[in-house]
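Structural description and commentary
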Amino acid sequence: MSFQLSLSTESVMAAYPDDPLIVAPDATVSDVLQLMRAQQTGCVLVCSAGKMLGIFTDRDALRWMAKQTDNGSNGSAKQPISELMTREPTSLLASTSVGEAIQLMSAGRYRHLPIIGTNGMPSGMANVHGIVHYLVDHFPQTIYNLPPQPDMAQAEREGA
């Protein structure tokens, strides 16, 4: 199977998505950060009543911490996560192709995108690590044979 054909036909569900980590909108920043650390993940989805409301990522956490430092305050770790989350995040359908997911992640500079199932609830979390793992597993010759900077010509010949 060719590189292009596989990327345009295989579902993003083949690209090793993580299980979604879901929290309630009233969860505190402190609780969410502890959960993210314990689960070793870079994001959580905020859901309520069968609907995804938003996403909270490690980037959101860093912005929050920087804002607290700029204001000279310690910030409230008891603040509800719903006040800090990114509302209505970009998401993927389970039927989205791997190629489309890569394009969307690249264009939006996203490291995590929720995958929404037929019931409207998150069924997975596409992430850069899973996409790279997928590419290496399915196209090792293409990946391993690329030079570190493919567009750069060597200034001088390598080797002895």
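Criteria and cut-off values
Residues numbered from 1 in each chain as written. Predicted model: local features only at pLDDT ≥ 70, side-chain atom pairs only at ≥ 80, totals over all residues. Heavy atoms only, no water. Helix = DSSP H or I, 4+ residues; strand = E, 2+ residues; numbered from the N terminus. Buried < 20%, exposed > 50% of the residue type's maximum accessible area, 1.4 Å probe, protein only. Contact = heavy atoms within 4.5 Å. Pairing = 2+ DSSP bridges. Axes fitted to C-alpha atoms, helices over the stretch in contact; angles between N-to-C directions. Arc of directions from axis to C-beta. Salt bridge = Lys/Arg side-chain N within 4 Å of Asp/Glu carboxyl O.

**Concerning the overall build of the chain**
Within the chain, the regular secondary structure consists of 6 helices and 7 strands. The helix and strand sequence of the chain, counted from the amino end, reads α-β-α-β-β-α-β-β-α-β-β-α-α. Put simply, the chain has 160 residues, and 35% of those count as buried. Contacts spanning at least 24 positions in sequence make up 59% of the contacts within the chain whose residues lie at least 6 apart.

**Describing the sheet that holds strand β6 (residues 112-116)**
Across the sheet, which stays open at both edges, the 3 strands sit in the order β5-β6-β7 with mixed pairing between neighbours. Looking along the sheet, the strands with just one partner apiece sit at the ends: β5 (92-93) and β7 (122-127). As defined by bridge partners, β6 adjoins β7 across 5 bridges and the pair is classed as antiparallel. If you follow Leu 113 over to β7, its bridge partner there is Ala 126. This element, helix α4 (residues 98-108), spans β5, β6 and β7 of the sheet and lies at about 140 degrees to β6.

**Remarks on the sheet that holds strand β2 (residues 43-48)**
Hydrogen bonding along the main chain pairs the strands of a sheet, whether they run parallel or antiparallel. What the 4 strands build is an open sheet, ordered β1-β2-β3-β4; its pairing is mixed. At either end of the open sheet lies a strand with only one pairing partner, and these are β1 (22-23) and β4 (86-87). Two strands pair when backbone bridges link them, and β2 and strand β3 (residues 51-57) are joined in this way by 6 bridges, in the antiparallel orientation. Bridged to Leu 45 within β3 is Ile 55. Against the sheet, helix α2 (residues 29-39) touches β1, β2 and β3, its axis set at about 75 degrees to β3.

**What to know about helix α5 (residues 128-138)**
Looking only at α5, the buried set comprises Gly 130, Ile 131, Tyr 134 and Leu 135. Mapping the buried residues of α5 onto a view down its axis gives an arc of 135 degrees, with all of them on the same face.

**So, the pattern of salt bridges**
Under the criterion given, the structure shown has 2 salt bridges. Between Asp 58 and Arg 111 there is a salt bridge, and its shortest N-O distance comes to 2.8 Å. Separated by 53 residues along the polypeptide, Asp 58 in helix α3 (residues 58-71) and Arg 111 in the loop between α4 and β6 bring together distant segments of the chain. Take Arg 111: its relative accessible area is 33%, and that puts it in the partly exposed class. The residue Asp 60 makes a salt bridge to Arg 63 at a minimum N-O spacing of 2.8 Å. Here Asp 60 pairs with Arg 63, and both are found in helix α3, just 3 residues apart, close to one helical turn.

**A word on unusual backbone geometry**
The phi dihedral of Ala 49 is positive, around 50 degrees, even though this residue is not glycine. With respect to the element layout, Ala 49 can be found in the loop between β2 and β3. Judged by relative accessible area, Ala 49 falls into the exposed class, the value being 81%. One non-glycine residue with positive phi stands out, namely Arg 109, at about 60 degrees. Among the structural elements, Arg 109 can be located in the loop between α4 and β6.

**So, the environment of Thr 57**
With respect to the secondary-structure elements, Thr 57 resides in strand β3. On the basis of relative accessibility, which here comes to 14%, the residue Thr 57 falls in the buried class. Counting along the chain gives 27 residues from Thr 57 to Leu 84, while the straight-line C-alpha distance between them is 9.8 Å. Residue contacts for Thr 57: discarding those within four places in its chain leaves Met 36, Gly 42 and Cys 43.

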